[in-house]
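Topology and contacts: notes
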Amino acid sequence: MTSTAIAPPARRPSWAGRNYTLLTAAAVVTNLGSQGALIAAAFAVLQSGGGAGDVGLVAAARTVPLVLFLLIGGALADRLPRHRVMVAANTLNFLSQGAFALLVLTGDPRLWQMMALTALGGVGQAFFGPASEGMLMSSVSGAEAGRAFAFYRMAMHGAGIGGAALGGALIAVLGAGWVLAIDAAAFAVAGALRAFLDVSHIPPREAGGGMISDLREGWREFVSRPWLWSIVVQFAVVNAVVAAAEAVYGPLVARDRLGGPGPWGLALAAFGLGTVLGAFLMMRWKPRRLLLAGSLCVFPLALPSAALAVPLPVGALAAVMLLTGVAIEVFGVSWMTALNQEIPEDKLSRVSAYDWLGSIAMVPLATALAGPAQSAVGRAGALWGCSALVVLLTAAVLCVPDVRRLTRRTGSVASGGPDVSADAEGAVGRLG
């Protein structure tokens, strides 16, 4: 008589391999801490006697080094084992955020001290971001890559929403210093998880001609693909005007026309919920023409500015923000899937760095010019201008043939990631 072994039920989908699971868990931990820490940093500045301008200076102190060091971070992440770059960046964030927390808890922090420590956090993020994106993309492959990216983004957005809510509550109960300390601990835990990432599937990098040579090679990869650089140029402006609308005009409209900060907070919460729903949608929908579907979903980013220009009632504004959150996730998952299948694995972090740089470089300029623009054409005129730029640039990108024609592959991808089905089997036993 022959006995038949019954296979145990799978604990995770086939695309959730060991590296992917570690990366997702670490991202959730980090987002839970960092979203609350953003609120805590602002309150720490205000509680030390600073004003709105000082809060802006501390925020800018993080952005400037992020812009300055992104390309170096991308080149380094393609030269060294990416998980080591990520762990080193997490260690820097742990130390800088821990020192920030200690200053707030034990004394009277000075503005320059808070700016310096926040700048160190920006340096850490500049090195972490390209390494993280390259590591994630090298950890998934095949037809299920889009679903894996969608789940990863859904987990991150969900943690961000929960972290912001939890952070706000903890600031009220424990104070800003303890929330900053929790964020420092989150970086330590996330760094420990990332230390266990397996990079054995990534071929060793050949010795190159130096950092400048690496950056040039990444730049050639970037500019050789019209779909890539055209969308990055598009989002350099789109992200900038959206940031100006949300960071500057949104709070002002809420104060003057909608009844205060509560309605604007509700609208932002609706956007966050929309991103989670959009990622959930993309776990099930696989558009064949990746960038065509994604780019069409950029048009709704013009709606929040238009809604604020009117302005729409709070309920309608929240509905617009919800729709916008869903739409931007369709683009985000499609974009990550396109990068995953089209960019060679050994250049992923450098291309990611150019992508990041284009996405954030104009944001400080746009927020700084929001006030003068309002003085010149009025708040409604500035908001309608933001909407018009989103529509015009998105329409221009759709004129690029490669954006309309790039299709989803069903076989192996360029990134050369591991077979996640095989990797997941071992992962169940070690991490499940």
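These remarks concern the structure in this document. A quick note: this is a predicted structure, and the numbers were derived from the prediction, not measured.

Working note: non-glycine residues mostly have negative phi, and peptide bonds are mostly trans. Here the bond from Val310 into Pro311 is cis, since omega is -15°, no more than 30 degrees from zero. Take Pro311: it is sitting in the loop between helix H11 (303-309) and helix H12 (314-342).

Scanning the model with the defined rule gives 11 salt bridges in all. Asp78 is the partner of Arg82 in a salt bridge, and the nearest nitrogen-oxygen pair spans 2.7 Å. You'll find Arg82 and Asp78 in the same group, each marked buried. For Asp346, the salt bridge identified is with Lys347, shortest N-O distance 3.6 Å. Within this structure, Asp78, Arg82, Glu217, Glu345, Asp346, Lys347 and Arg350 form a network of salt bridges that share partners.

The subject of this paragraph is helix H6 (residues 176-194). Compared with the 27 Å implied by 1.5 Å per residue over 19 residues, the 27 Å span of H6 between its first and last C-alpha is a close match. Regarding H6, the residues found buried are Ala176, Gly177, Val179, Leu180, Asp183, Ala184, Ala186, Phe187, Ala190, Gly191 and Arg194. Buried residues along H6 sit in contact with helix H1 (18-47), helix H3 (82-106), helix H4 (111-137) and helix H5 (145-174).

Turning next to the nonpolar core. Counting residues in each nonpolar core, the largest one holds 85 residues, and the members touching the most others are Trp227, Leu228 and Trp335. Top element by residues in this core is helix H8 (residues 226-258). It accounts for 15 residues. If we ignore the near neighbours within four places in the chain, the residues touching Trp227 are Leu291, Trp335, Ala338, Leu339, Glu342, Ile343, Val400, Asp402, Val403 and Leu406. One finds Ala101, Leu117, Ala176 and Leu180 within the second-largest nonpolar core, a separate group that totals 15 residues.

As enumerated under the stated definition, the model contains seven aromatic pairs in all. Between Phe331 and Trp335 the ring centres are 5.9 Å apart and the planes differ by 15°, which places this aromatic pair in the stacked class. With Phe331 and Trp335 both in helix H12 and four residues apart, the pair spans about one turn of that helix. Overall, the relative accessible area of 7% leaves Trp335 in the buried class.

Basis of the calculations
Residues numbered from 1 in each chain as written. Predicted model: local features only at pLDDT ≥ 70, side-chain atom pairs only at ≥ 80, totals over all residues. Heavy atoms only, no water. Helix = DSSP H or I, 4+ residues; strand = E, 2+ residues; numbered from the N terminus. Salt bridge = Lys/Arg side-chain N within 4 Å of Asp/Glu carboxyl O. Buried < 20%, exposed > 50% of the residue type's maximum accessible area, 1.4 Å probe, protein only. Expected span 1.5 Å × (residues − 1). Contact = heavy atoms within 4.5 Å. Core = buried A, V, L, I, M, F, W, Y, C linked by side-chain atoms within 4.5 Å. Phe/Tyr/Trp six-rings, centres within 6.5 Å; stacked < 30°, edge-to-face > 60°.

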